[in-house]
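So you can see what is in the structure, the chains are spelled out below.
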Amino acid sequence: MTTSDGAFPPNRMQLQLEQVDEFPKFLRPWVRNLVLRRAVPFTRTARVEFIEMSPHRVEVRLPNEHRVQNHIGSIHASAMNLLAETATGMAMGLNVRDDCLPLAKDLKMAFRKRATGALRAVAVLTDAQRQAMRDSDKGEMQVQVTVTDEAGIEPVECEFTWAWIPSSRPAK
């Protein structure tokens, strides 16, 4: 379903994030992180930073801090997974209908190089993917995600397949 101007109507998650815009600009990143880390507690533990949140593109960052490091001082493989899953999951969450539930179905990770410094993950959805989620109450799709380190290198290649199914609870 689209509006008369061809845009997708916002879902509950988009509406909640729009409330962040009511805060002064310098506070918005902090408030956005607070809200989203409460919604997904493990992102709070790792201190994932939510940089950009739009229905087409989600960017998240993970500083290379002791809490997420492996034995060689770079970001742990599990933390890389968390970062990529968070980006793709948020992209799905910003687009799935309110009467549906997104679920991670499959993931593949190929570790290519040692990561240096902080990592960024960017997940992107096409208009066709967004439309598919609006048109059907269940389905699945691969969500594109790119993970880069501070040197601009992709230390890991990821493939995430997400599904969406009808929620067992009625939409509000």
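Residue numbering note: each chain is counted from 1, following its sequence as written. Two thresholds apply to this predicted model, a pLDDT of at least 70 for residue-level local features and 80 or more for giving and counting side-chain atom pairs, whereas whole-chain, interface and lining totals are computed over all residues. The side-chain values count all of the structure's non-hydrogen atoms but skip hydrogen atoms and water molecules.

### Here we look at the overall build of the chain
Okay, so step 1: Every helix listed is a DSSP run of H or I at least four residues long, and every strand listed is a run of E at least two residues long, numbered separately from the N terminus. Across its full length, the chain carries five helices and six strands.
Okay, so step 2: Along the chain direction, N to C, the helices and strands of the chain fall in the order α-α-α-β-β-α-β-β-α-β-β.
Okay, so step 3: With the radius of gyration taken over C-alpha atoms, the globule rule is written as 2.2 Å times the number of residues to the power 0.38. Relative to a compact globule of 172 residues, whose C-alpha radius of gyration would be 16 Å, the chain shows 16 Å and is just as compact.
Okay, so step 4: Projected onto its principal axes, the C-alpha coordinates of the chain cover approximately 50 × 40 × 30 Å.
Okay, so step 5: Looking at the chain residue by residue over its 172 residues, the buried ones come to 40%.
Okay, so step 6: Put simply, of all contacts in the chain between residues at least 6 apart along the chain, 66% involve residues at least 24 apart.
Okay, so step 7: Computed by Shrake-Rupley with a 1.4 Å probe, the accessible areas treat only the displayed protein chains as cover when residues are assessed. For the chain, the accessible surface area stands at approximately 9,600 Å², while carbon and sulfur atoms represent 53% of it. Burial classes: relative accessible area under 20% of the type maximum marks a residue as buried, over 50% as exposed, and values in between as partly exposed (1.4 Å probe, protein chains only). Contacts are assigned to residue pairs with any non-hydrogen atoms lying within 4.5 Å of each other.

### Some points on the pattern of salt bridges
Okay, so step 1: Think of a salt bridge as a Lys or Arg side-chain nitrogen and an Asp or Glu carboxyl oxygen that are within 4 Å of each other. Counting across every chain of the model gives ten salt bridges.
Okay, so step 2: Note that Arg 57 is salt-bridged to Glu 59, the shortest N-O span being 3.0 Å.
Okay, so step 3: Relative accessible area serves as the criterion here: at 28%, Arg 57 is assigned to the partly exposed category.
Okay, so step 4: Note that Arg 67 is salt-bridged to Glu 65, the shortest N-O span being 3.5 Å.
Okay, so step 5: Residue classification places Arg 67 among the partly exposed positions, given a relative accessible area of 43%.
Okay, so step 6: Counted as one network, the salt bridges with shared partners bring together Glu 52, Arg 57, Glu 59 and Arg 120.

No statement about biological role is implied by the geometric values presented.
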